[in-house]
Amino acid sequence: GDSVTQMEGPVTLSEEAFLTINCTYTATGYPSLFWYVQYPGEGLQLLLKATKADDKGSNKGFEATYRKETTSFHLEKGSVQVSDSAVYFCALITNRDDKIIFGKGTRLHILP
Amino acid sequence: GAGVSQSPSNKVTEKGKDVELRCDPISGHTALYWYRQSLGQGLEFLIYFQGNSAPDKSGLPSDRFSAERTGGSVSTLTIQRTQQEDSAVYLCASSQQGGEKLFFGSGTQLSVL
């Protein structure tokens with residue numbers, strides 16, 4: 001079945017470091033891909049998305065490129081801030097149905 | 001309301017009891033999802049409602065779990081004969097037509113003693 005695999009956390013970085021959180025997927029058809037973020041004490045919210053191969057989603061300095069050849073959607077940010085500390089979830093939705101499948105989440109800690 | 005509302009926010013129950021969790025989606029959203037968030041397990045899909053279509057129940061972990069959505073709006077997730085392994089945060093989300101951007105509620109923290 002469809003699935004999403006993302007790197008296990010926690011990931012701990014210093015402020016201004018470069019961030020990569022890996023995400024790969026398995027799906028039939030042509031999924032849309034998402035990153036959701038859950039800040040401490042808050043609900044999940046959509047961070048960015050990409051709906052077809054080679055699309056790049058971006059928001060709040062984060063980027064992710066839909067790579068069909070490697071079935072990946074890695075999340076990157078050039079210079080992280082303490083306020084980026086959160087749990088990040090990679091997710092997909094296929095065009096067969098509207099069920100959204102999430103990865104297990106990656107907890108990110110940014111140290112000042 | 002402006003967002004997805006879930007109640008109660010916290011529920012403590014004894015093993016073997018039944019519990020009902022409620023979700024009020026954003027008005028006009030036809031799609032409604034239930035997920036379970038456990039430590040180390042990420043977000044586990046439970047059930048999906050879309051308009052008047054038959055719900056996708058493929059994620060329900062056992063026949064102790066059921067959900068309904070009345071009038072295409074409010075949804076109730078029922079867990080019968082709760083077990084300790086049912087302890088988790090139960091999240092509800094809605095979207096306008098299914099897929100794409102989900103709006104999540106704050107969840108119900110369920111603790112089974």
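Residues numbered from 1 in each chain as written. Chains lettered and ligands numbered in written order. Predicted model: local features only at pLDDT ≥ 70, side-chain atom pairs only at ≥ 80, totals over all residues. Heavy atoms only, no water.

Draft legend 1. Quick look at the pairing of strand β12 (residues 106-111) of chain A. Residue and element names in this part refer to chain A. Burial of β12 is one-sided: the residues Thr106, Leu108 and Ile110 facing one way are buried, the residues Arg107, His109 and Leu111 facing the other way are not. Both strand β2 (residues 11-14) and β12 contribute to a ladder of 4 bridges, which runs parallel. Pairing of Val11 across the sheet is with Leu108, part of β12. Relative to β12, strand β10 (residues 86-93) runs antiparallel, the two sharing 3 bridges. Residue Ala86 lies in a different strand from β12, and its bridge partner there is Leu108. (Buried < 20%, exposed > 50% of the residue type's maximum accessible area, 1.4 Å probe, protein only. Helix = DSSP H or I, 4+ residues; strand = E, 2+ residues; numbered from the N terminus. Pairing = 2+ DSSP bridges.)

Draft legend 2. Main features of the pairing of strand β4 (residues 31-38) of chain B. All names here are of chain B. By the criterion of burial, β4 is predominantly enclosed, with 7 of the 8 residues buried. Two strands pair when backbone bridges link them, and β4 and strand β5 (residues 42-50) are joined in this way by 8 bridges, in the antiparallel orientation. In the strand pairing of β5, Trp34 is matched with Ile47. As paired elements, β4 and strand β8 (residues 88-95) share 7 bridges and run antiparallel to each other. In the sheet register, Trp34 faces β8, and the bridge partner there is Cys92.

Draft legend 3. Structural context of the environment of A:Gly61. Residues and elements named next belong to chain A. Tracing the chain through its elements places Gly61 in the loop between β7 (56-59) and β8 (62-65). Along the sequence, Gly61 and Pro40 sit 21 residues apart, while their C-alpha atoms lie 19 Å from each other. Aside from chain neighbours lying at most four places away, what touches Gly61 is Glu76 and Lys77. (Contact = heavy atoms within 4.5 Å.)

Draft legend 4. Structural detail: the interface of chain B and chain A. Counting from both sides, the interface comprises 21 residues of chain B and, opposite them, 17 residues of chain A. Of all residues in chain B, B:Leu43, B:Glu100 and B:Phe104 give up the largest surface area on contact with chain A, accounting jointly for 36% of the area buried on that side. Our count for the contact surface shared by chain B and chain A stands at 1 salt bridge. Between B:Asp56 and A:Lys99 there is a salt bridge, with its nearest N and O atoms 3.8 Å apart. The tally of links from chain B across to chain A stands at 4 residue pairs in polar contact (both at pLDDT 80 or more). Listed by contribution, the elements that provide at least two residues to the side of chain B that touches chain A are β4 and β5 of chain B. With 5 residues, the top contributor of residues to the side of chain B that touches chain A is β5(B). By residue class, the composition of the side of chain B that touches chain A is 8 nonpolar, 10 polar and 3 charged. (Buried area = accessible area lost by both parts, 1.4 Å probe. Salt bridge = Lys/Arg side-chain N within 4 Å of Asp/Glu carboxyl O. Polar contact = N/O pair within 3.5 Å; in protein donor to acceptor, adjacent residues only side chain to side chain. Nonpolar A, V, L, I, M, F, W, Y, C, P; charged D, E, K, R; others polar.)

Draft legend 5. Local environment of the layout of surface pockets. Its boundaries defined by the atoms lining it, the largest pocket holds a volume of some 660 Å³. Elements with a minimum of two residues in the lining of the largest pocket: β10 and β12 of chain A together with β4 and β8 of chain B. Counting residues per element, the lining of the largest pocket draws most heavily on β12(A), at 4 residues. Partitioning the lining of the largest pocket into residue classes produces 10 nonpolar, 16 polar and 4 charged. (1 Å grid on protein atoms, 1.4 Å probe; cavity = no way out; pocket = protein on both sides within 12 Å on 5 of 7 lines; lining within 4 Å. Points joined across faces, edges and corners; volume = space filled by probe spheres on them.)

Draft legend 6. Region of the structure containing the pattern of salt bridges. Overall, the coordinates contain 7 salt bridges over all chains when judged by the stated rule. Note that A:Asp55 is salt-bridged to A:Lys52, the shortest N-O span being 3.4 Å. Note that B:Arg64 and B:Asp86 form a salt bridge whose closest N and O atoms lie 2.8 Å from each other. Highlighted residues: B:Arg64 in the loop between β5 and β6 (65-69) and B:Asp86 in the loop between β7 (75-79) and β8, separated in sequence by 22 residues. For B:Arg64, a relative accessible area of 12% gives the class buried.

Draft legend 7. Representation of the sheet that holds strand β9 (residues 75-77) of chain A. Residue and element names in this part refer to chain A. Taken in spatial order, the 4 strands of this open sheet run β3-β9-β8-β7, and their pairing is antiparallel. The two strands at the open ends of the sheet, each matched to only one other strand, are β3 (19-21) and β7. Direction aside, the axes of adjacent strands within the sheet are offset by 20° on average. The pairing of β8 with β9 spans 3 bridges and is antiparallel. When the sheet's bridge partners are listed, Ala64 is paired in β9 with Leu75. (Axes fitted to C-alpha atoms, helices over the stretch in contact; angles between N-to-C directions.)

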